[in-house]
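Residues per chain are reported as follows:
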Amino acid sequence: MSERIGFFICHCGINIAYRVRVKEVADYAATFPGVVVSKDYLFMCSDPGQDLIEKEIKNSDLTRVVVASCSPRMHEKTFRAACQRAGLNPYRAFHMVSVREHGSWVTENEDEATAKAIIIVRAGLMRVTNQNALTPSQFSVNPNTLVVGGGIAGMQAALDIASSGNRAYLVERQPTVGGHMLQYDKTFPTLDCAACIGTPKMVAVGQDKNVTLMTNTEVESVNGFIGNFKVNVNQLSRYVKSNCTGCGDCAKVCPVEAPNEWDVGTKMRKAIYISFPQAVPVRYAIEKKDRGPCVQTCPAGINIQGFVALIKVGKYEEALRVIMEKMPLPGTLGRICPAPCESQCRRQEVESPLAICQLKRFAADQVDWEKLYVPTVEIKNESEKVAIIGAGPAGLSAAYFLAKKGYHPTIFEKAPFAGGMLRFGIPDYRLPPAVLDQEINYIKRMGVDIQLGVSMGKDRPVSSLFNEGFKAVYLAAGAQKSRKMNIENEDADGVMHGIDYLGQLNLKNPVKTGRKVVVVGGGDVAIDAAREALRQGASQVTMVYRRSRSEMPAVKHEIQAAEEEGIKLELLVNPIAVLTEGGKVTGLRCIKMELGEPDESGRRRPVPVAGSEFDLECDMMIPAIGQQVNTSFLEGTEGVELTRWGTVAADAVTFQTSFPGIFAGGDMFTGPSIAVEAVAAGQEAAISIEKYLLGEELAENRPVKPKGSDWKAIPKKVVVTPRAKMPVLPVGDRVGNYKEVELGFTEEEARKEASRCVDCGACCECKLCVDQCKAEAIDHDMTDKRETIDVGSIIIATGFDPMNPSKMTQYGYGSYRNVFTNIEFERLSNATGPTSGKLLKRDMQDPMKFTTAPKSVAILHCIGSRDVNHHEYCSRTCCMYALKYAHLLKDKCGHDTEIYNFYIDMRCFGKGYEEFYKKVQSEGVRMIRGKAGSITEDANGILTVKGEDTLSNRLVEIQVEMVILCTAMEARPNADEVMRKFGIGIGADGFFQEEHPKLAPVSTPTSGVFLAGACQGPKDIPDTVAQAKGAAAECLALSSAGKVEVPPMISSIDPDVCVGCQLCIGLCPYSAIEFNTFAGISEVNSAICKGCGSCAGACPSGAPKVRHFTDKQIFAEIDGILLN
Amino acid sequence: MSEFEPKIVAFFCNWCTFTAADLAGTSRLSYPPNIKIIRVMCSGMVDPKYVLKAFLNGADGVLIGGCWPGDCHYINGNLKARRRVALVTELLKQYGIGEERFWLRWIAASEGNMLKEVADEMTAKLKQLGPSPLQNKGQMAV
């Protein structure tokens, strides 16, 4: 049958006809082969226009129809329906050509526009005869709706959906619904309070049985299509369970404070918080980030942020409890730890790291250790005995943690005292023995048995302990053997190794100290030995170190203290021989060194300078160049392997040695290291030993160290506060005695120092809230909850952000105290805000304090709106809320308050708006037509606003006490991300784009996804609510129809052509193509295919085709365009 | 003799560039009439043979308009288009058709002004290059 084509061209009033000579186009079409009807009409989309088409189809037996009018995105559906009514398959019969958007409107010249129209009409006429009949598929519609965003738009839409009996899933990112509207005070033009009209909606979405409210929740991905979406959401952990009663007891004890986001930082909140008293759900939330770098760095994993925060609020015993969860020797390590944590402290981005170590000592010094509470633990059976060799930090720590778990540890210590190196190697002026004793006593009170003066070895091998009933053994004997220097006369009288010297002194044994002493080495032991010698009566103490000062491993402030006390440092000097006379030391021959290439430790290797030998006179020489492990106590024990450095070999994770049941840790395993590492080792050993005793796999389910770097941002305007200086004993009072040199912080100093913490992890996990909560609703280990929701339609109501005006420096926002943004002013005026609704100025010193009411206020319109440098659009709400502010100021601060409105034009277009404008004007508000150009602040905080009054052509300068900036409404910063998730578009202004600016204001290019509220463009509350109701109606229409037609333009693979190469399978973004192994070809699953044509574009044999976009159809169009 | 008017065939993605062309219209941004638009669902469905066919039929230039990387309505069709365009460009060069005649541009639905700029620029460029070397030589029967 030969084709009978009808051609219809629209004038579109004059929109097409003013540029395109439509009659000429129709005349051309009439000459085209197959065209039997060619007509033009004024409005083809109108009823008579559609009638004309339908009649011609019937009267002239048309088989194909081409309409040349507007864009197919506008009226393709209209004309397809007309063709269908007239009995044609619209996909086969109809094609549309855009001679308006792509013709008359974009072409200046009439001849050119007409010529272009003829060419594209020709292409359309050639295409249409190649089209095939298609039938849209029908799918059922899930009646539920997802609403994204819990502001007034989202709440209204959810309630409308719910009232129909269908389910609405309301997803909100913040911990409460409400949105910007609930931050406001009054609403224009009726001045009813936002809370009065907004909170009932909040309560309703919280209670309606057809609304599933999901706060703290984000949409992660969306799959499916109209009527059948699958949405993956992630409910972020808020660490408070749903049985929270909202009593607020937790917030009262929380030591961490942060500016409240809901109050835009005008008020503080705690780390466990509720945004505002009327929040829905009335359920607290904890702001928690990754653990701070200090916590991550501490080898023992002490919750540093936790105890620091508790010191800040004066809760010292609680602070100590936090420390002792991970470390039983706080007073001791608080004095001697080199504090690796401090090197990572983020406060140094401001000025210097927190004095974490000294704060730890402060906490330990505040309590009476004799009365310190011993936690009750479930005591294990008496046979669960563990032997520990060595009462140093590793041994004590392992014993402490085992006792905390209820086991029965016994420590065997060779020396007549406990403490190991802490006692033996550290002088009393740094660590008074009483401090160590009280902590060891506490460990004993925990149930640890310490047996002193017990040697292990040949007579009582370690392995025999198992026969004595111990079920596991921990080796923690340390590294106490001094390393030799290997130089001439090293064993002469007058040479005493540093560690032995300190040990004898600490044991209060008589030691003969020389008059002139030389100490060799640059570590802590060397420094301690030198300072000890001074206290023992040496008149001259010299330290010899082979590298330079920056390479000295000793704690920096200890080096400084030594120098202050008069100790001389000989740097870049190495001893080569001990000089003797009659077997006694008389001096030390040294050679000067210089620094060469870096060695494997990263430090530059010292190399001798030839011929630079010199002698140092002395009568005592103390080498302190390091220690080694002494494993003589393992004599008689077979099967414990050693490393080539002489340390005990053990697994790096479980610390078990090659002898099952024997574990090792501390210096014994690592070689000489710092005490806190030994404490950490003890902690890990206790975990391994418990697992060993329970018969569990040692390496599995061990606690993981916290990691990550998603920390709280450091506020930009943090006040620089220098690090607290540790008060010390005057130098003159130190020599010749053992008084403690560092005196410790006063309470005031400690609390001030603690308050410098920048709360990296937000919540400090002190867990005071857990103890307070009677409902037991707090769960610090809560994890995110992911789920998939099935819905048929989606409403996006993600709202807007008020622009931050700090980049417009001419207005001084952020530096001038009394320049407010509109939202800040709303919070001031709101009864739940920082001033309980009073309109007050900020204190010039403290921005969180508010003082007196302003006598004069300037309100600046269009800040960031109608401004080519920021946003060209009008934010539509500012004029009206500026009038509202003027009214509120007059109302709350007195009628004599001077108010100046700097405006460009007043846009009071809504119902009752103009009347409100008149009313406010009659209250005596000054209106100045002209945008304010700049603000300056004088020393008293008075603000001078400069601008031009364009009505009187004068420059004006007005002095006021407060300025309010009416900032632009702008798209959310993550709009791009939302756009991609939901497959919608963004307009040039950054807001989501509706399908049509007038006729489809809530639809998007993705069917089934609708827009509501300010995410689509700036709008006020009435318009937002109206649009929300519109979007809800769209969803309900869909649900009520119950089924949906999906366009049939999807892919199909010609089974006769497909060779089964499966190239298309890898390309399909929806995995819609499957390989039929039986037939050896690929096949399209039409329920999944969306018709992108990736397969069609790539197939080497041309087997897949997207229906309605086949090669033949496209080729015909190309031919039509290029026909000569 | 009148000025040479290049013939440009444009394949525009329905979701971005085609919509941008509509927006250019509603914004009354005029551009040369040389560009004739063929609507496709995705730049990723533009088969190389469409491009070759257009040149064989006498087009002086071919323009493909797709969504910005990451914004594809079909996840990643535009990236497939980008790969394919790179290959087709090589092929065109071997046939003696300069790569300046074959353009791929990312134009979002909101970028009506950009569409105009590209149309202006491409028309001007092709006027400067003159007619395609295949002009009137390779008419191919459909």
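From a predicted model like this one, the values you see are computed outputs, not experimental measurements.

Our focus in this paragraph is the overall build of chain A. If you tally the helices and strands in chain A, you get 34 helices and 49 strands. For chain A, whose C-alpha radius of gyration is 41 Å, the value lies well above the compact-globule estimate of 32 Å for 1124 residues. When the backbone C-alpha atoms are referred to their principal axes, chain A occupies close to 135 × 90 × 70 Å. Burial statistics for chain A: of 1124 residues in total, 49% are counted as buried. A sequence separation of at least 24 residues applies to 71% of the contacts in chain A between residues at least 6 apart.

With that settled, the discussion passes to the overall build of chain B. Scanning chain B from terminus to terminus reveals four helices and four strands. When the helices and strands of chain B are listed from N to C terminus, the series reads β-α-β-α-β-α-β-α. For chain B, whose C-alpha radius of gyration is 15 Å, the value lies close to the compact-globule estimate of 14 Å for 142 residues. Dimensions of chain B, computed from C-alpha atoms along their principal axes, come out at roughly 40 × 35 × 25 Å. The buried share of chain B, taken over its 142 residues, is 60%. Long-range pairs, those at least 24 residues apart, make up 81% of the contacts in chain B with a sequence separation of at least 6.

Now for the interface of chain B and chain A. If you look at the interface, chain B gives 42 residues, while chain A gives 43 residues. Only helix H1 (17–26), strand S2 (35–40), helix H2 (48–56) and helix H3 (77–94) of chain B provide two or more residues apiece to the side of chain B that touches chain A. A per-element tally of the side of chain B that touches chain A places H1 of chain B first, with six residues. When grouped by side-chain class, the residues that make up the side of chain B that touches chain A number 21 nonpolar, twelve polar and nine charged.

A few words on the nonpolar core. Residues Ile-389 and Tyr-474 of chain A are the most contacted members of the largest nonpolar core, which totals 269 residues. Top element by residues in this core is helix H28 (residues 878–893) of chain A. It accounts for eleven residues. Those residues in contact with Tyr-474 of chain A that lie beyond four places of it in its chain are Val-386, Ile-388, Ile-389, Gly-395, Ala-398, Phe-663, Gly-665, Ala-685 and Ile-689 of chain A. Core analysis: the next-biggest nonpolar cluster, separate from the first, contains 118 residues, Ala-68 and Val-1106 of chain A together with Ala-21 and Leu-115 of chain B among them.

Residue and element names in this part refer to chain A. It is the contact of helix H7 (residues 152–163) with helix H31 (residues 1021–1041), at a shortest axis distance of 8 Å, that shows an interaxial angle of 35 degrees. Seen along the crossing, H7 lies across H31 with a hand that is right-handed. Counted together, Ile-152, Ala-153, Gln-156, Ala-157, Asp-160 and Ile-161 of H7 and Ile-1021, Thr-1024, Val-1025, Gln-1027, Ala-1028, Lys-1029, Ala-1031, Ala-1032, Cys-1035 and Leu-1036 of H31 form the full contact between these two elements. Class assignment for the residues of the contact of H7 with H31 results in eleven nonpolar, three polar and two charged.

The next subject is the sheet that holds strand S6 (residues 145–148) of chain A. Residue and element names in this part refer to chain A. Pairing is parallel in the open sheet, where five strands are placed in the order S10-S7-S6-S33-S44. Unpaired on one side and paired on the other, strand S10 (211–214) and strand S44 (1009–1011) mark the two borders of the sheet. Pairs of neighbouring strands in the sheet enclose a mean axial angle of 20 degrees, with direction left out of account. Across four bridges, the pairing between S6 and strand S7 (residues 168–171) is parallel. Each bridged residue has a counterpart across the sheet, and for Val-148 the counterpart in S7 is Val-171.

Right, let's get into the sheet that holds S2 of chain B. Residue and element names in this part refer to chain B. Pairing in this open sheet of four strands is parallel, and the strands run S2-S1-S3-S4 from one edge to the other. Of all strands in the sheet, those with a lone pairing partner are S2 and strand S4 (102–106), marking the two edges. Strand-to-strand twist across the sheet, computed as the mean angle between neighbouring axes with direction ignored, equals 20 degrees. In this sheet, S2 lies alongside strand S1 (residues 8–13) in parallel orientation, the contact comprising six bridges. Across the sheet, residue Phe-12 finds its bridge partner in S2, namely Arg-39. Packing of H2 onto the sheet brings it into contact with S1, strand S3 (61–66) and S4, and relative to S3 it is tilted by some 150 degrees. Sheet contacts for H3: S3 and S4; angle to S4, the most-contacted strand, approximately 165 degrees.

Moving on to the packing of H28 of chain A against helix H29 (residues 913–922) of chain A. All names here are of chain A. Packing of H28 against H29 leaves a shortest axis separation of 10 Å and a crossing angle of 35 degrees. The two elements H28 and H29 cross, and the hand of that crossing is left-handed. Between H28 and H29, the residues in contact are Met-880, Leu-883, Ala-886 and His-887 and Tyr-913, Phe-916, Tyr-917 and Val-920, respectively. Here the residues of the contact of H28 with H29 are counted per class, giving seven nonpolar, one polar and no charged.

Before going further, it helps to spend a moment on unusual backbone geometry. Residues and elements named next belong to chain A. Omega for the peptide link from Phe-188 to Pro-189 comes to -10 degrees, which places this bond in the cis form. Turning to its location among the elements, Pro-189 is positioned in the loop between strand S8 (186–187) and strand S9 (192–193). Note that the residue after Val-280, namely Pro-281, is joined by a cis bond; omega there is 0 degrees. Locating Pro-281 in the fold gives a position in the loop between strand S15 (272–273) and strand S16 (285–286). Of note in this structure, Gln-1062 is not a glycine but carries a positive phi near 70 degrees. Along the chain, Gln-1062 turns up in the loop between strand S46 (1051–1053) and helix H32 (1063–1067).

Our focus in this paragraph is the pairing of strand S29 (residues 620–623) of chain A. Residues and elements named next belong to chain A. The side-chain alternation of S29 yields two buried faces, one formed by Met-620 and Ile-622 and the other by Met-621 and Pro-623. In this sheet, S29 lies alongside strand S22 (residues 516–520) in parallel orientation, the contact comprising four bridges. For Val-519, the partnering residue across the bridge sits in S29 and is Ile-622.

All names here are of chain A. In a regular helix each residue adds 1.5 Å, so 14 residues correspond to 20 Å; helix H9 (residues 194–207) covers 20 Å between its end C-alpha atoms and thus fits that length. Residues of H9 that are buried include every one of Ala-194, Ala-195, Gly-198, Lys-201, Met-202 and Val-205, and no others. Take H9 and look down its axis: the buried residues cluster within an arc of 135 degrees, on one side only. Turned more than 90 degrees from where H9 packs its buried face, Cys-196, Pro-200 and Gln-207 sit exposed. For H9, the elements touching its buried residues are H7, S7, helix H8 (179–183), S8, S9 and S10.

Glancing now at helix H4 (residues 112–129) of chain B. Residue and element names in this part refer to chain B. Taking 1.5 Å as the rise per residue, H4 with 18 residues should run 26 Å; its terminal C-alpha atoms sit 26 Å apart, in good agreement. Looking at H4, one finds that the buried residues are Gly-112, Met-114, Leu-115, Lys-116, Val-118, Ala-119, Met-122, Thr-123 and Leu-126. Packed against the buried residues of H4 are S1, H1, S2, S3 and S4. Downstream of H4 by a residue or two, Gly-130 has a phi angle that is positive, lying close to 85 degrees.

Residues and elements named next belong to chain A. Examined against the element boundaries, Arg-346 turns out to sit in the loop between helix H15 (340–344) and helix H16 (356–365). Taking the C-beta count within 10 Å as the criterion, Arg-346 has 19 such neighbours and is therefore assigned partly exposed. Sequence separation of Arg-346 and Met-202 is 144 residues, and the distance between their C-alpha atoms is 40 Å. Setting aside anything within four residues of it in sequence, one finds Arg-346 in contact with Pro-293, Trp-711, Ile-714, Val-758 and Cys-760.

This part is about the environment of Tyr-813 of chain A. Residue and element names in this part refer to chain A. Along the polypeptide, Tyr-813 turns up in the loop between strand S34 (800–802) and strand S35 (819–821). C-beta crowding within 10 Å serves as the criterion here: with 21 such atoms nearby, Tyr-813 is assigned to the buried category. Separated by 150 residues in sequence, Tyr-813 and Val-963 place their C-alpha atoms 9.5 Å apart. Contacts of Tyr-813, omitting those with residues within four sequence positions, involve Pro-805, Ser-806, Val-819, Thr-821 and Leu-965.

A word on the confidence of the model for chain B. When the pLDDT values of chain B are averaged, the result is 90; 93% of them are 70 or greater. Predicted complex, confidence summary: ipTM 0.96, pTM 0.83.

With that settled, consider the environment of Glu-697 of chain A. With respect to the helices and strands, the residue Glu-697 of chain A is situated in the loop between helix H24 (675–694) and helix H25 (747–754). For the pair Glu-697 of chain A and Ala-158 of chain A, spaced 539 residues apart in sequence, the C-alpha to C-alpha distance is 51 Å.

Calculation criteria
Residues numbered from 1 in each chain as written. Chains lettered and ligands numbered in written order. Predicted model: local features only at pLDDT ≥ 70, side-chain atom pairs only at ≥ 80, totals over all residues. Helix = DSSP H or I, 4+ residues; strand = E, 2+ residues; numbered from the N terminus. Rg over C-alpha atoms; globule rule 2.2 N^0.38 Å. Buried ≥ 20, exposed ≤ 12 C-beta atoms within 10 Å, placed from the backbone. Contact = placed C-beta atoms within 7 Å. Nonpolar A, V, L, I, M, F, W, Y, C, P; charged D, E, K, R; others polar. Core = buried A, V, L, I, M, F, W, Y, C linked by C-beta atoms within 7 Å. Axes fitted to C-alpha atoms, helices over the stretch in contact; angles between N-to-C directions. Left-handed = near helix turned anticlockwise from the far one by under 90°. Pairing = 2+ DSSP bridges. Expected span 1.5 Å × (residues − 1). Arc of directions from axis to C-beta. pLDDT = per-residue confidence, 0-100.

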